[in-house]
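Survey of secondary and tertiary structure
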Amino acid sequence: MGGVLIALLGVVFIFILMGVRVVRQGYVYTIERLGKFTLAATPGLHVIVPFVDRIGHKINMMEQVLDIPGQEIITKDNAMVGVDAIVFFQVLDAGKAAYEVSNLYVAIMQLTTTNLRTVMGSMDLDETLSRRDEINAKLLMVIDHATAPWGVKITRIEIKDIRPPADISNAMARQMKAEREKRANILEAEGLRAAEILRAEGEKQGAILSAEGRKEAAFRDAEARERSAEAEARATQVVSEAIATSGTQALNYFVAQKYTEAVASFATSPNAKTILFPVEATQLIGSIGGIGELVKDALGSQGAAK
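Residues numbered from 1 in each chain as written. Predicted model: local features only at pLDDT ≥ 70, side-chain atom pairs only at ≥ 80, totals over all residues. Heavy atoms only, no water.

The chain goes by Protein QmcA in an unreviewed UniProt entry, where it is assigned to Novosphingobium aquiterrae. Within the UniProt record for the chain, the comment given under Sequence similarities (unreviewed entry) is "Belongs to the band 7/mec-2 family." Annotation of the chain in UniProt includes, under Subcellular location (unreviewed entry), the sentence "Membrane". (UniProt positions renumbered as here; feature names shortened; annotations may be inferred.)

Let us now look at the side chain of Asn60. Along the polypeptide, Asn60 turns up in strand β5 (residues 53-60). Looking at Asn60, the relative accessible area reads 16%, which means it is buried. A distance of 2.9 Å separates a polar side-chain atom of Asn60 from the backbone nitrogen of Met62. Residues contacting Asn60, with those up to four places away along its chain left out, are Gly26, Tyr27, Val91 and Tyr105. (Helix = DSSP H or I, 4+ residues; strand = E, 2+ residues; numbered from the N terminus. Buried < 20%, exposed > 50% of the residue type's maximum accessible area, 1.4 Å probe, protein only. Polar contact = N/O pair within 3.5 Å; in protein donor to acceptor, adjacent residues only side chain to side chain. Contact = heavy atoms within 4.5 Å.)

The next point concerns the pairing of strand β7 (residues 80-91). Of all 12 residues making up β7, nine are buried, and the element is well covered by its neighbours. Looking at chain direction, strand β6 (residues 64-74) and β7 are connected through nine bridges and run antiparallel. The residue of β7 that forms the bridge with Ile68 is Ala85. Between the antiparallel neighbours β6 and β7 lie five residues, among them Asn78 with a positive phi of about 65°. Relative to strand β8 (residues 152-163), β7 is paired through 10 bridges, and the arrangement is antiparallel. Bridging from a neighbouring strand, Gln90 pairs with Lys153 of β8. (Pairing = 2+ DSSP bridges.)

Here we take up unusual backbone geometry. Of note, the phi angle at Leu34 is positive, near 55°, even though the residue is not glycine. Along the chain, the position of Leu34 falls in the loop between β2 (27-33) and β3 (36-41). In this structure, Phe51 is a non-glycine residue whose phi angle is positive, near 70°. By secondary structure assignment, the location of Phe51 is in the loop between β4 (44-47) and β5.

As enumerated under the stated definition, the model contains two aromatic pairs in all. Taking 5.2 Å as the distance between ring centres and 45° as the angle between the ring planes, the aromatic pair formed by Phe37 and Tyr99 counts as tilted. Separated by 62 residues along the polypeptide, Phe37 in strand β3 and Tyr99 in helix α2 (residues 94-99) bring together distant segments of the chain. Both rings, one in Phe89 and one in Tyr105, keep their centres 5.9 Å apart while their planes meet at 70°; by these two values the pair is edge-to-face. Pair noted here: Phe89 is in strand β7 and Tyr105 is in helix α3 (residues 104-121), with a separation of 16 residues, a long-range link. Positioned over the ring face of Tyr27 is Arg24, at 4.5 Å from the centre of the ring. (Phe/Tyr/Trp six-rings, centres within 6.5 Å; stacked < 30°, edge-to-face > 60°. Lys NZ or Arg CZ within 6 Å of the ring centre and 35° of its normal.)

This brings us to the sheet that holds β5. With antiparallel pairing, the three strands of this open sheet are ordered in space as β3-β2-β5. Single-partner strands in this sheet number two, and they are β3 and β5. Strand-to-strand twist in this sheet, taken as the mean axis angle between neighbours without regard to direction, amounts to 30°. One ladder, built from five bridges, connects β2 with β3; its direction is antiparallel. In the sheet register, Thr30 faces β3, and the bridge partner there is Ala40. (Axes fitted to C-alpha atoms, helices over the stretch in contact; angles between N-to-C directions.)

In structure tokens, the structure reads:
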């Protein structure tokens, strides 16, 4: 009896052990009872009925990445391009993901491939190369709507690479080079034009300033000549008044003064070693004598005044 009891306890222990299931974090296990889905077991410890309940599918609930293999797509303008893409998705309902579609990964891949051909096939080559964001947005909207009944949320779709044919790539490279050369020529021409404009403006300003300087200089010269003429006229008036008052004596004085200054200038000349006076000594003596008479008259007038 003791051996039978131990055997029975061993069978019960094995039976209970077979009913204990641990679900890992990030996964949900579907529990099937007699072939029918009854429970989605979340992460943790669960007890099922052995031989009646069983684990149906182990569904990954984490966000996953599905790589879409390269596809050859014909664009609207009949250009053949190669396209690679990736899909980010997450299972929200384990029961639907397990039983609403036969193979979730294959279904998403095929759905993405067909819609990729549809979306890019409706665009020209230039549009497919320049409007990736629009392609991604269209694919995301269509595929997310199609996978909603499967309990799947498409979070992001990205076009990895678009490969046009080699001849088209070469033509695009030549076009890009021509465009850049055109822009460079335009910029160079605009730079030369701006430089010429600035140079002309500078010359214009310089001419204006030069004309203003000449005008100011002419005005100053005229003013100086006017002042000189006024001084000369004033001096002439004073001399005339002196001559009118003193008679020939003042005239002799002014003549003798100018004569003496002229003779002195010969003596101070740095180039003259020998001075020949083309005048008579008596003229110089006479001039000095005239000056002496003027001095005597001046002294005699002063004495009479005293």
